Amino acid sequence: MTNWTTFGRGAAVSAIALSMAGVAMAQVTTSAVRGAVTDDDGQAVSGALITITDPSTGLTRTATTNQTGLYSIRNLPVSSGYVVTVTSSEFQGQFIEDVGLNLGDATQVDFTLTNDGEARQETIVVTASVSDLAPTAAGPSATFGLETLQRAPAINRNITDVLRLDPRIYVDESRGDINAVQCGGKNSRFNSLTVDGIRMNDNFGLNSNGYPTERIPFSYDAIEQVAVELAPFDVQYGGFSACNINAVTKSGTNEFHGYLFGDYTNDGLRADSLEGDDITTGEYDETRYGFGVGGPIIKDKLFFFAAYEKLDGVNLFDRGAIGSGAVNEVNITQAEVDEIRNIAMELYGYDPGTIPSSADNSDEKILVKLDWNISNDHRASFTYNWNDGFNIAQSDGDSDELEFSNHLYERGAELTSYAGSLYSDWTDNFSTEVRLAYSELDNRQISVGGTDFGEITIETDDVDVYLGGDDSRQANKLYYETLSLALKGYYTTGNHNFSFGYEREALDVFNMFVQHVETEIDFDGNPSSGGAFDDAIENFRLGIADNVNYNNSPTGDPNNAAADWGYEINTLYAQDEIDFGNGIVVIGGLRYDWYTTDDAPETNADFLADYGFTNGETLDGEGLLQPRLGFEWDFSDNLDLRGGVGLYSGGNPNVWLSNTYSANNVLQFGSDGGAFGLENGVTSLFDIDYGLCEDGVPTGPGYCVPQDMIDAVAAGEGSNFEINYLDPNFEIPSELKFAFGGTYYADAPGLGGEYVLSGDILYTVAQDSAVWIRGDLEQTGTTTVDGREYPTYSSVREAAFVLTNAKEDAKSLLVSGSISKSYDFGLDWALGYAYTDAEDVHPMTSSVAFSNYVNRAFGDPQDVSASTSDYNTKHRFTALTNYERAFFGDNMTTFSAFGQAVSGRPYSVVYGGSANGISGFNPYLEGNPYLAAGAERNGEEGSWWGKVDIKLEQEFPGFLDHKASGFIVVDNFTNLLNDEWGVLREPGFPAVCAVDDFQAGDCESRQGDASRYEIRFGLRYEF
């Protein structure tokens, strides 16, 4: 385990042996203390009274050592100021101050007592401090304390700014505020996030950032500690297969305390050139501000903490026409863009907006926490959290695409959550925890230009130009509720610590997702593809379409096509943690998860007739047994070892299951304009009848729907989309993880004292990975191109996508190491490195089955074999340094810097255009990413990227004894020094490169948000 709160370990004194060898406890809000009490001869001292007290709240807990001299105190709040005392009628007592407890860790404090006759009634102070130790845990993990959270150059005010300090955790900074967390080369959708015991995952699976909301759903300053676990061997961990992120919020104390803050940036504090190219950014101002306050309601009994935060921000966009000064200029002239806009306004009666450079966004958060010390044996806590925010997002953001502003959309969500916990110690040996939590999410995806005009694409030779409402946001609404219950028990006897429990999480979903409700219309410039002229803009002028699509409920109301469903995940677990003495702790247990539901997708009669089973399969009754075994070994005073093996499951996005409820050709139907002569240049869209026109709009394409297509959908006829169904033999996906690691405290007097070295090896095997493939295809032959053989298929059943399992395992290796040092004069530093070789079978990048199927490289579209993961970061180096000194009285000056160097994103070399002659029934795949001859999926590696971020903060006196400070944060300080440094280049989406572009070395484009420096100034006041 890496503890980024401190980097050193103080020397132990003879009276007490201190270590932190905590078995990670669970997705919980608490910590624990355990240890052994012996005499000078090493014999166990039974009946000694252990008392732990938090002076800031008056919380006091006690335990008595058993016959083997062991004790354990659980369910303790995270804090850094505990006092641990041992007293005995036969020995001299001892106590230690400033004991820090880490989230999810059991801090071990071992006392050695002396019998000094009359002096045994006294209690002596032990000067060594547990908070100076670097703790270990059974699996690879990291804990970030309050000091790290405050010091780090966290320009986004997001825990991802801190998680990235660990070299094993890569945060994708290429897409604005998304900041997806990729643990060990895994898809961020397979992570789990809990805050004060309540899951704040993206339970539906729409967001790449892993949050249910657009940004971190709670105030950054409200966090006391955050931990990330890649392989915790405690069976209480679940609901993820990549990593678990667990945070606990601050609490009130007996003294009132709080803070105010604000920071600011604008377009003048952002890079205006990259690699010698001038960059044009629209004028903007961005501000953030907030406050927090905590204190007693009833001293020593009842406490509160509340935090508020608000962002008035901006989204920046990278693309523009030739000569526009955009970060990425696409291959279209401003004159062509103006011509498209004029045609839209004059002939279609629609104003598409402008080519955007920036757009305003907003975010607001409130957190309230109550803590109640009911008695020395019982305490309770309650947390309320609310967040509402939005971004203005690109719908089609590749480097060969350009959007007018009305084609952008507002991605927003309102989250409300409540969590209550009761912690009880019934005896010295038996403790319980009861937790009840509820959350609701109201998600919105609204086109900037409204939903009264459909999506139109003008496909010029090099660039696709979009206007109107994005086709996926024309009828899009998501609301879900989550109710969870946890019942946990802990029992200690002898050297055994037993844990057992039952948990239940119920999810109830309303998901309306109907594409093309207002139509999707494409205009191509290739006559063989339907254009009357070899000019897409001219075909747009004439209304000669290449493609027209319309989907809806037969009733004409897309609400009737919504998926309204839910399910429950139930969990039982039990484990034993055995302390063998001599620093050896072994944990072993079993966890069983199973699904229940009463909701099933509507059965499609045609599907049932073709396949012989219903498309209404569910996960009802499916389960997975997950054994875990881990160990910790304090091998010597300087070396701690850890390791284990365990099976994990969870994090699979529910949006994939939701597709099976909505895409069944019962609730909604699709119609293709080709059946009515509206494609391939047969009929102008200005010469047909329309319906479903909203009041006050022109009757015609875009604003209205062709009447023939309306009639076909109403009758349930036409060229419908593919049914989505769950494989009747679907198995719950899982990951088998093997881990081994250690931490070594190297005493090097000639090099300045003690260094902390840590290393871990994590090997994982992904079993039964979830994939989308076609369910109706049978291979009929092969075709050979450039010496490579490609399969061809025929559709022999009702067209369908099936959510099924890959039969080939995907394997991953993660090797990491770090070295850190702290000095008495205020300097500390840490260096880290991680090597990752991660595989997946499908990247599963999207929320829609069709998109998951096509947005990848393949030689066979039905292929589900393993290859390098889309999310693999082979090499990652990190460096962190902090320096703190009082240059002006007792006012501290703090400087922090974080740097990273990262190997490039993997990508595939593919055929472009018409797939170089590959034919056969490969639906929708013409022009999609077929692997070129000799190429492998993700066989190429992109450009390295490196940057340094810095923060400088200066304290100055406030009122009374308060402190104020001013700070400056520079993101990508390297780019500020030189506009050719810190520039991130990546392939587009999907991560492929056409053969011709690969040979020309033109596979990557600049990612403006990550490449350009940004400066923020701020003020903070603490009391």
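On a predicted model such as this, the values are computed, not experimentally measured, just so you know.

## Here's the deal with the pattern of salt bridges
- This structure, assessed with the given rule, holds 54 salt bridges.
- For glutamate 173, the salt bridge identified is with lysine 947, shortest N-O distance 2.7 Å. Residue glutamate 173 is found in the loop between β12 (169-172) and β13 (180-183), and its partner lysine 947 is found in strand β58 (residues 945-957); the two are separated by 774 residues along the sequence. Both residues of the pair, glutamate 173 and lysine 947, belong to the buried class.
- When the shortest N-O distance is used, the salt bridge between glutamate 339 and arginine 541 registers 2.5 Å. Here glutamate 339, found in helix α3 (residues 334-346), pairs with arginine 541, found in helix α4 (residues 536-542); they are 202 residues apart in sequence, far enough to count as distant.

## Some remarks on the side chain of asparagine 891
- In this structure, asparagine 891 sits in strand β54 (residues 891-902).
- Within the local environment of asparagine 891, its side chain forms a polar contact with the side chain of lysine 963, the two groups lying 2.5 Å apart.
- Not counting the four nearest positions on each side in its chain, asparagine 891 is found in contact with Arg885, Ala886, Gln954, Glu955, Phe956, Pro957 and Lys963.

## Some words on the nonpolar core
- Counting 98 residues, the largest nonpolar core has Ile159, Leu163, Phe218, Val226, Ile245 and Leu803 as its most contacted members.
- Excluding residues within four positions of it along the chain, phenylalanine 218 makes contact with Ile159, Leu193, Val195, Met200, Ile223, Lys365, Leu367 and Asn385.

## A look at the pairing of strand β11 (residues 141-144)
- The two faces of β11 match: Ser141 and Thr143 on one face and Ala142 and Phe144 on the other face are all buried.
- Sheet topology places β11 next to strand β16 (residues 223-229); 4 bridges connect them, and they run antiparallel. Paired with serine 141 across the strands is glutamate 229, a residue of β16.

## Remarks on the confidence of the model for the chain
- For the chain, per-residue confidence averages 89 on the pLDDT scale, and 93% of positions sit at 70 or higher.
- Across residues 3-26, where pLDDT falls below 50, the model places 116 contacts with residues more than four positions away in sequence or in other chains.

## A closer look at the pairing of strand β25 (residues 358-372)
- Where strand β22 (residues 302-316) meets β25, 15 bridges bridge the pair, whose relative direction is antiparallel. In the sheet register, glycine 313 faces β25, and the bridge partner there is asparagine 361.
- Pairing of β25 with strand β26 (residues 378-393), which is carried by 11 bridges, proceeds in the antiparallel orientation. Bridge pairing in β26 places isoleucine 366 opposite tryptophan 386.
- Between β25 and β26, which pair antiparallel one after the other, the connecting turn spans 5 residues.

## Overview of α3
- For α3, with 13 residues, the first-to-last C-alpha span of 18 Å sits near the 18 Å given by 1.5 Å per residue.
- Buried within α3 are the following residues: Val337, Ile340, Ile343 and Ala344. For α3, the buried positions fall inside an angular range of 125 degrees around the axis, keeping them on one side. Turned more than 90 degrees off the buried face of α3, the exposed positions are Ala335 and Glu346.

## What about the packing of aromatic side chains?
- This model, assessed by the stated rule, comprises 34 aromatic pairs.
- When the ring of tyrosine 350 is compared with that of phenylalanine 453, the centres are 3.9 Å apart and the planes differ by 5 degrees; the resulting orientation is stacked. Of this pair, tyrosine 350 sits in the loop between α3 and β25 while phenylalanine 453 sits in the loop between β29 (430-447) and β30 (455-459), and the two are 103 residues apart along the sequence.
- On the basis of relative accessible area, phenylalanine 453 is assigned to the buried category, the value being 1%.

## Section: the sheet that holds strand β40 (residues 669-672)
- Spatially, β27-β31-β30-β34-β35-β40 is the arrangement adopted by the 6 strands of the open sheet, whose pairing is mixed. Only two strands of the sheet have a single partner each, and these edge strands are β27 (401-403) and β40. Ignoring strand direction, the axes of neighbouring strands in this sheet form an average angle of 15 degrees.
- Note: β30 against strand β31 (residues 464-467), 4 bridges, orientation antiparallel. Residue pairing in the sheet places threonine 457 in a bridge with tyrosine 466 of β31.

## Here's the deal with the state of the cysteines
- Considering all chains together, one arrives at 3 disulfides under this definition.
- Disulfide partner of cysteine 693: cysteine 704, at an S-S distance of 2.0 Å. Linking cysteine 693 and cysteine 704, the disulfide has an S-S dihedral of approximately 125 degrees and is accordingly described as right-handed. A residue pair is termed long-range when its members are at least 10 positions apart, and cysteine 693 in the loop between β41 (690-691) and β42 (705-706) and cysteine 704 in the loop between β41 and β42 qualify at 11 residues.

Each value, and the rule that gives it
- Residues numbered from 1 in each chain as written.
- Predicted model: local features only at pLDDT ≥ 70, side-chain atom pairs only at ≥ 80, totals over all residues.
- Heavy atoms only, no water.
- Salt bridge = Lys/Arg side-chain N within 4 Å of Asp/Glu carboxyl O.
- Helix = DSSP H or I, 4+ residues; strand = E, 2+ residues; numbered from the N terminus.
- Buried < 20%, exposed > 50% of the residue type's maximum accessible area, 1.4 Å probe, protein only.
- Polar contact = N/O pair within 3.5 Å; in protein donor to acceptor, adjacent residues only side chain to side chain.
- Contact = heavy atoms within 4.5 Å.
- Core = buried A, V, L, I, M, F, W, Y, C linked by side-chain atoms within 4.5 Å.
- Pairing = 2+ DSSP bridges.
- pLDDT = per-residue confidence, 0-100.
- Expected span 1.5 Å × (residues − 1).
- Arc of directions from axis to C-beta.
- Phe/Tyr/Trp six-rings, centres within 6.5 Å; stacked < 30°, edge-to-face > 60°.
- Axes fitted to C-alpha atoms, helices over the stretch in contact; angles between N-to-C directions.
- Disulfide = S-S within 2.5 Å.

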